[in-house]
Amino acid sequence: MTAEPNAAAEAPVPAPADFIRDIVASHVAEQRYPGGIVTRFPPEPNGYLHIGHAKSICLNFGIARENQGRCNLRFDDTNPAKEDLEYVHSIAADVRWLVAGWAEQNLGLKPSGARPAATPDAADAADFYARPAPGGAAAEPFFASDYFEALYAFAERLILAGKAYVCDLSAAEIEAHRGTLDQPGRESPFRNRPAAESLDLFHRMRAGEFPDGARTLRAKIDMAAPNIWLRDPLLYRIRHLAHHQSGDAWCVYPLYDYAHCLSDYLEGVTHSICTLEFEVHRPLYEWILEALALPRALPRQYEFAKLNLAYTIVSKRRLLQLVQENVVTGWDDPRMPTLAGIRRRGVPAAALRTFVTGLGVTKFDSLTEIAVYENAVRDALNGLAARRLAVLRPVKVVLTNLAEDEVLECRATNNPQDENPATRPVALTREVFIESDDFAEVPPPKYFRLKPGGEVRLKYAGIIKLDEIVKDAAGALVELRCTFDRTTRQGEPNSDRKVKGTIHWVSASRCVEAEVRLYDRLFTVAEPAAEPDFLKVVNPRSLETITARLEASLADATADDRYQFERLGYFAIDAKDSAPGRLVFNRTISLKDTWAK
RNA sequence: UGCUCGAUGGUGUAAUGGUAGCACAAGCGACUCUGACUCGCUUUGUCUAGGUUCGAGUCCUAGUCGGGCAGCCA
């Protein structure tokens, strides 16, 4: 992970307001949660975090931050079949990156190895979590798997209270009994078996006596409920599978609805914020907590609409497909909307934060234009990026009135946005490269750049005039022969002489080569997820790799810095592939180009 | 056609019964040693129909349109 280039430079923004924050504020006002406000970010470690998660992270950490509370990072790891340690590590790193310099003091962690007591009553007695000092030793994220023992004890209690039972129906039979959206379900024949029998069976499930799928633990609610999630939902299933955290300790694993609400409760979470698709699960979330008659204030669930971004896929499943089918080079490919990809591409975390925060939080299923994201990225980078000269597609220019060995030193401004901008030297020599786009033999109307007989300013150097176009026998352009007006150099009397165009350039003899990766959107349509096959709308030109010529100072470029190649865009070192002597730059984003329209 | 949630310019949102505002986008102009940035101006909106009220985007009723829900996924 690269250091955050602008962690300290966050502009003060008014605290956001939305319907969830309004609710939190009213709870604070009525002192509903004396222990303070606790939220949580609960990813399942089955893929990399993406830009949609950034919205959730900023919401949950933002609320914690605004209320001097805490946001627990908790892995919702109840399904060992789909999860992997690689994802645990990437997610932890991505969260820390996004939150660094902003809400890291609100990141809820626990002392290494801390677990709630194994019995529900003891777990009720006190919160087991702690809040170590930032960066303190021995702090680690929470895991739902830490609660397997406590969750199991809670389940025993439900069985004893007649609120849960072991069901011997097969998966197909359970489905058949469930009914349909407009037809009530039928009760399981095992629904009313004695609690003692269910408890014995539940113990034997844990002991490994039954194969996968043979039995389940179900809540006893209402098979005729109009809400399907209340039709005796499954709480536990048998899975003879090793878990990335708990190893071989368990062969029964709790399901989401059961594990999530209780994990929230155990951690002292007050506001459990999730996306809209869990709206219909909320009655179940509440049913489980209330069925256990727990002593502390219960967490409540609130739902908001997830982020949808135009030309982007925000689905771990589909992102995994892109990786597996080698459409991209990995989860951290700079074209990916993953936090890892976005970071590698050079986007500052602060840009991502302003973007998602500016979106607001509602229950309306929206599609955000990509321009909003791009604006946030450019805006963050504009104040941050050191200006440099670089030529992507070189055309040779010979300044015929400069001697072969002549070197004219020019002062270039590092960032005109700074109050007292620093400068650096760049060398002008007889042979330079300019951008091929900046020359037109047959110029279109209102073309400000170099054209036959025309003048243009080489930025920081002075004005040149095109005298002659040299081509080879095949008619291909060889070089442009120009004269350099020495009286327009910095400090010379005509330095302020106006010409319409100013272009970038590099000295042909004093430049460095670098691999530059230019990115375009990964999909050709605004809503790739709505396509029957989203792989068919992958943009075949999403990556273009070229060899560019950079001003010599860029040989010392660092991965922590951000650069603007003047008139071209914002670029960053590719932290993974770049090495001393073999520079690799990613174009984070181009500059706005109103001329191209 | 069961339950549930939603609907404000092109897009995303604000207005908590009292002047429909902001951002992005778009258009025009100014500035410019980045056709960037910045600045100025402009276009465009309360799903429909009733009702309550001095006054409705907001409250009520009915409708229309859209999202979500029937994994031993989360």
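Residues numbered from 1 in each chain as written. Chains lettered and ligands numbered in written order. Predicted model: local features only at pLDDT ≥ 70, side-chain atom pairs only at ≥ 80, totals over all residues. Heavy atoms only, no water.

1. Side note on the side chain of Arg 21
Operational definition: Numbering of helices and strands runs from the N terminus, with a helix taken as a DSSP run of H or I at least four residues long and a strand as a DSSP run of E at least two residues long. For each residue, the accessible area found with a 1.4 Å probe, counting protein chains only, is set against the maximum for its type, and the residue is called buried under 20%, exposed over 50%, and partly exposed in between.
Along the polypeptide, Arg 21 turns up in helix α1 (residues 19–29). Given a relative accessible area of 12%, Arg 21 falls into the buried group.

2. Remarks on the domain arrangement of chain A
Put simply, the rule reads: All domain edges in this entry derive from an automatic or database-based domain assignment.
The domains assigned to chain A are domain 1 (7–131 + 259–311 + 342–375), domain 2 (149–256), domain 3 (386–507) and domain 4 (511–590). Of note, the centres of domain 2 and domain 3, computed from C-alpha atoms alone, are 75 Å apart.

3. Brief notes about the packing of aromatic side chains
The description of an aromatic ring pair uses the distance of the two centres, along with the angle that the planes make with each other. The line we're drawing: Each Phe, Tyr or Trp ring (for Trp, its six-membered ring) is paired with any other whose centre lies within 6.5 Å, and the angle between the two planes then decides the class: stacked below 30 degrees, edge-to-face above 60, tilted in between. A ring has a charge above it when a Lys NZ or an Arg CZ is no more than 6 Å from the ring centre and no more than 35 degrees off the ring normal.
Applying the stated rule across the entire model yields 18 aromatic pairs. Where Phe 523 meets Phe 534, the ring centres are 6.1 Å apart and the plane angle is 50°; that geometry is what we call tilted. Of this pair, Phe 523 sits in the loop between β24 (511–519) and β25 (543–551) while Phe 534 sits in the loop between β24 and β25; the two residues are eleven residues apart in sequence, bridging distant segments of the chain. What makes Phe 534 buried here is its relative accessible area of 5%. Between Phe 565 and Phe 585, the ring centres sit 5.3 Å apart and the planes meet at 65°, which makes this aromatic pair edge-to-face. Placement of the pair is Phe 565 in strand β26 (residues 563–565) and Phe 585 in strand β28 (residues 584–590), with a sequence separation of 20 residues. Summarising the burial analysis for this pair, Phe 565 and Phe 585 share the class buried. Taken together, the aromatic side chains of Phe 148, Tyr 152, Phe 202, Tyr 236, Trp 250, Tyr 253 and Tyr 258 make up a single cluster linked through ring pairs. In this arrangement the basic side chain of Arg 343 is found over the ring face of Trp 97, its NZ or CZ atom lying 5.4 Å from the centre.

4. Quick notes on the pattern of salt bridges
Spelled out, the test is: Salt bridges are defined as contacts in which a side-chain nitrogen from Lys or Arg sits within 4 Å of a carboxyl oxygen from Asp or Glu.
Following the criterion strictly, the structure yields 47 salt bridges and no others. For Arg 393, the salt bridge identified is with Glu 544, shortest N-O distance 2.8 Å. Residue Arg 393 is located in the loop between β14 (390–391) and β15 (394–399), and its partner Glu 544 is located in strand β25; the two are separated by 151 residues in the primary sequence. Linked through salt bridges whose partners overlap, the residues forming this network are Asp 332, Arg 344, Glu 515, Arg 517, Asp 574, Lys 576, Asp 577 and Arg 582.

5. Structural notes on unusual backbone geometry
In this model, Gln 68 sits at a positive phi of 50°, which is unusual for a non-glycine residue. Looking at the secondary structure, you find Gln 68 in the loop between α2 (51–66) and β2 (70–75). Within the chain, Ala 293 stands out as a residue other than glycine whose phi angle is a positive 50°. Within the secondary structure, Ala 293 sits in the loop between α9 (282–291) and β12 (300–304). Owing to a relative accessible area of 63%, Ala 293 belongs among the exposed residues under this scheme.

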